[in-house]
Amino acid sequence: MIAKKCQRRQKSQKKPRHLGPLDDSWQERLADVVTPLWRLSYEEQLKVKFEAQKKTLQRLESYLQMLNGVNVTTAAPRSEGLCCFLHPIIPSPVISGYRNKSTFSVNRGPDGNPKTVGYYLGTWRDRNMVCVRSNHLKNIPRKHSQVAQYYEVFLRQSPLEPCLLFHEGGYWRELIAHSTSQGHTMGIITFHPQELRQEELCVQKETVKKFFTKGPGAVCDLTSLYFQESTMTCCSHQQSPYQLLSGEPHIFEDLLGLKIRISPDTFFQVNTAGAEILYWTVGELSGVNSNTILLDICCVTGVIGLSLAQYTSWVLGIELVEQVVEDARWTAAFNGITNCEFHTRRAEKILPQLLKSKEDGQLIVAVVNPAQAGLHYQVVQAIRNCGAIHILVFVSCKPHGETTRNITEGLIMQRYISHLVSVSSRCTVGAVTAFSRNEKFSLDAYLVVCELLASASLFFQASPE
Ligand SMILES: C[S@@+](CC[C@H](N)C(=O)[O-])C[C@H]1O[C@@H](n2cnc3c(N)ncnc32)[C@H](O)[C@@H]1O
């Protein structure tokens, strides 16, 4: 075992193969990976996205035909070559620097400097991983690039090494910059504590705090600076608390007339202007009214439910992460919304009971926007078994993956769907799918994609291990 470990260590210490001088080609290559459609005009990008959605829908359609042994039919208007109508993609109101959250890695740059802050190019498997500065990317706002640039300045003057590979030691790790339209910026620095004693850790926290409050980094004007000790690729607040080094504990966003509180752990759609259109679309599809209960599954800060609270009798939010549910409760209270309740539990654990208790004749409109792994089958089952749910709006950033599984295996088999709406997502696009109960099986799809500049921005942010 020791020999194997040594071999692995020697392998991983080999220099990356493609290190070369820093030139435009690195930046172009990074843009090709992070924003693969950047060479096209925005109109052309929208066409490409539309064709991709069409293919997803065609695959779903043939799978449904196979399951049901019948052709999918609908009386509603169709798009050419599809069983249903596909709405054109809705353009994003903002197409440059639209990201409100960016995650920067730390690693060896094209010039070999291990204290480079940017995005990865290449793969660990091919040992050609390079970290390239990302300030030229069209989707990154200038503010985030500035924070990344100053973090790099800080690292280069720090006596501590960066943590490039977990088993090789090192301390400084990734940086997250989260900003809002109110002009607030939160910086979160991840640090591997290795064997450092508490006093030594305090010294490092004090140094980075001083750099960003009184030193050169003060020009970034951070609203909050957080520090997280992390021995894993990714840690939640529960696993390793975010420690506030300076500034305010929260930042705030204005969206659809609400003031929303954001904590370090909070998921937020990365294009705020796009998110507004997405949530507005969800509202349109959900058909909520004063007699309905709105069930917001995987609600995070509860934005969907809270933005529709005035149109519905009651909002019921379910979310796994405690800290963000506190944000939802704060947001409700601050905005004077009283017809809501939030539950911090796994949806699969709480939903069956919760739905049983709500079967009192009131209609339920359910909205789900699950994480990438899709909905747990128990959640799908609970939704299927609840007769009071008459519309389900399914929002997905990845309409071709687990969403398809959820739809085909769980929902459509119940002949639940009469109405399928695909929508927009992942930093670019999100997919909204609305289903309502109907005796006659039909599929009616619309594409309502809030489109940003390019796709796949986040695919590149995988941490080293
Ligand atoms: C894509 S985000 C939801 C986005 C949000 N609805 C919106 O539109 O802004 C997914 C959320 O689901 C939560 N989640 C993941 N698994 C869950 C589960 N089993 N039960 C409840 N919430 C879950 C995650 O903590 C995360 O906040």
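It should be emphasised that the depicted structure is a prediction, and the values quoted were computed from it without experimental measurement.

A. Geometry of the overall build of the chain. For the chain, the helix and strand inventory stands at 11 helices and 19 strands. When each of the 465 residues of the chain is scored for burial, the buried share is 55%. The contacts in the chain between residues at least 6 apart in sequence include a share of 67% that link residues at least 24 apart. Summed over its atoms, the accessible surface of the chain is roughly 20600 Å², and 53% of this surface lies on carbon and sulfur atoms.

B. Region of interest: the UniProt feature "binding site: S-adenosyl-L-methionine" (unreviewed entry) in the chain. The UniProt record annotates "binding site: S-adenosyl-L-methionine" (unreviewed entry) at Gln269, Glu319 and Asn369. Secondary-structure assignment places glutamate 319 in strand β12 (residues 314-319). Residue glutamate 319 is classed as buried on the basis of its relative accessible area, which comes to 10%. Those residues within four positions of glutamate 319 in sequence are excluded, and the remaining contacts are Cys298, Cys299, Val300, Val324, Val325, His343, Thr344 and Arg345. The buried category is assigned to asparagine 369, whose relative accessible area is 17%. Ignoring any residue separated from it by four or fewer positions in sequence, one finds asparagine 369 in contact with Gln269, Ile297, Cys298 and Val395.

C. Region of interest: the site of the ligand. For the ligand, the set of nearby residues contains 16 residues, the closest of which are Tyr279, Glu319, Ala347, Glu348 and Asn369. At a separation of 2.5 Å, an oxygen atom of the ligand approaches a polar side-chain atom of glutamate 319. In isolation the ligand offers 610 Å² of accessible surface; the protein chains occlude 86% of this area. Tallied by class, residues from the shell around the ligand come to 10 nonpolar, two polar and four charged.

D. Here's a closer look at the side chain of glutamate 319. There is no salt bridge for the buried glutamate 319, and the closest opposite charge comes from arginine 346, which lies 9.2 Å off by N-O distance. A polar side-chain atom of glutamate 319 sits 3.0 Å from the main-chain amide nitrogen of valine 300.

E. Just the environment of asparagine 289, in detail. Looking at the element boundaries, asparagine 289 is found in the loop between α6 (272-286) and β11 (292-297). For the pair asparagine 289 and tryptophan 314, spaced 25 residues apart in sequence, the C-alpha separation works out to 10.0 Å. Beyond its immediate chain neighbours, meaning those up to four positions away, asparagine 289 contacts Tyr311, Thr312 and Ser313. Looking at asparagine 289, its side chain comes within polar contact range of the main-chain nitrogen of asparagine 291, at 2.7 Å.

F. Looking closely at the pairing of strand β15 (residues 389-396). Along β15, seven of the eight residues are buried, which leaves the element largely enclosed by surrounding structure. Judged from the five bridges that link them, strand β14 (residues 363-368) and β15 form a sheet pairing that is parallel. Bridging across to β15, valine 368 finds its partner in phenylalanine 394. Read as a crossover between parallel neighbours, the route from β14 over helix α10 (residues 377-385) to β15 is right-handed.

G. Unusual backbone geometry, seen in detail. Here the phi dihedral of aspartate 221 falls at roughly 50°; this positive angle occurs in a residue that is not glycine. Look at leucine 256: it is not a glycine, yet its phi comes out positive at around 45°. Among the secondary structure elements, leucine 256 is positioned in the loop between β9 (251-255) and β10 (258-262). Assessed through its relative accessible area of 33%, leucine 256 is described here as partly exposed.

H. Looking closely at the pairing of β9. Among the five residues in β9, four count as buried, and that is most of the element. Connecting β9 to the antiparallel partner β10 that follows it, the hairpin turn spans two residues, and leucine 256 within it adopts a positive phi of roughly 45°.

I. Representation of the sheet that holds strand β7 (residues 224-229) within the structure. As summarised here, the arrangement of the seven strands in space is β4-β3-β2-β5-β6-β7-β8, forming an open sheet in which the pairing is mixed. Lying at the two open borders of the sheet, with one neighbouring strand each, are β4 (130-132) and β8 (243-247). Along the sheet, successive strands turn relative to each other by an average axial angle of 35°, direction set aside. Here β7 runs beside β8; their pairing, made up of four bridges, is antiparallel. Considered in β8, the bridge of tyrosine 226 is made with leucine 244. The strands touched by helix α4 (residues 142-157) are β2 (101-107), β3 (116-121), β5 (172-179) and β6 (185-191); relative to β5, the strand with the most contacts, the crossing angle is about 155°. Packed onto the sheet, helix α5 (residues 198-213) meets β5, β6, β7 and β8 and runs at close to 155° relative to β7.

J. The arrangement of the packing of helix α9 (residues 347-357) against α10 in detail. Closest axis-to-axis distance for the α9/α10 pair is 8 Å, and the angle between their directions is 15°. Relative to α10, the element α9 is oriented roughly parallel. Note on packing geometry: the crossing formed by α9 with α10 is left-handed. Across the interface between the two elements, Ala347, Glu348, Leu351, Pro352 and Leu355 from α9 touch Gln378, Val379, Ala382 and Ile383 from α10. By residue class, the composition of the contact of α9 with α10 is seven nonpolar, one polar and one charged.

Cut-offs applied
Residues numbered from 1 in each chain as written. Predicted model: local features only at pLDDT ≥ 70, side-chain atom pairs only at ≥ 80, totals over all residues. Heavy atoms only, no water. Helix = DSSP H or I, 4+ residues; strand = E, 2+ residues; numbered from the N terminus. Buried < 20%, exposed > 50% of the residue type's maximum accessible area, 1.4 Å probe, protein only. Contact = heavy atoms within 4.5 Å. Areas by Shrake-Rupley, 256 points an atom, 1.4 Å probe, with all protein chains shown as cover. UniProt positions renumbered as here; feature names shortened; annotations may be inferred. Near = heavy atom within 4 Å. Polar contact = N/O pair within 3.5 Å; in protein donor to acceptor, adjacent residues only side chain to side chain. Nonpolar A, V, L, I, M, F, W, Y, C, P; charged D, E, K, R; others polar. Lys, Arg positive; Asp, Glu negative; His and termini not counted. Salt bridge = Lys/Arg side-chain N within 4 Å of Asp/Glu carboxyl O. Pairing = 2+ DSSP bridges. Right-handed = clockwise from strand over helix to strand, strands pointing away. Axes fitted to C-alpha atoms, helices over the stretch in contact; angles between N-to-C directions. Parallel < 35°, antiparallel > 145°, perpendicular 65-115°, else oblique. Left-handed = near helix turned anticlockwise from the far one by under 90°.

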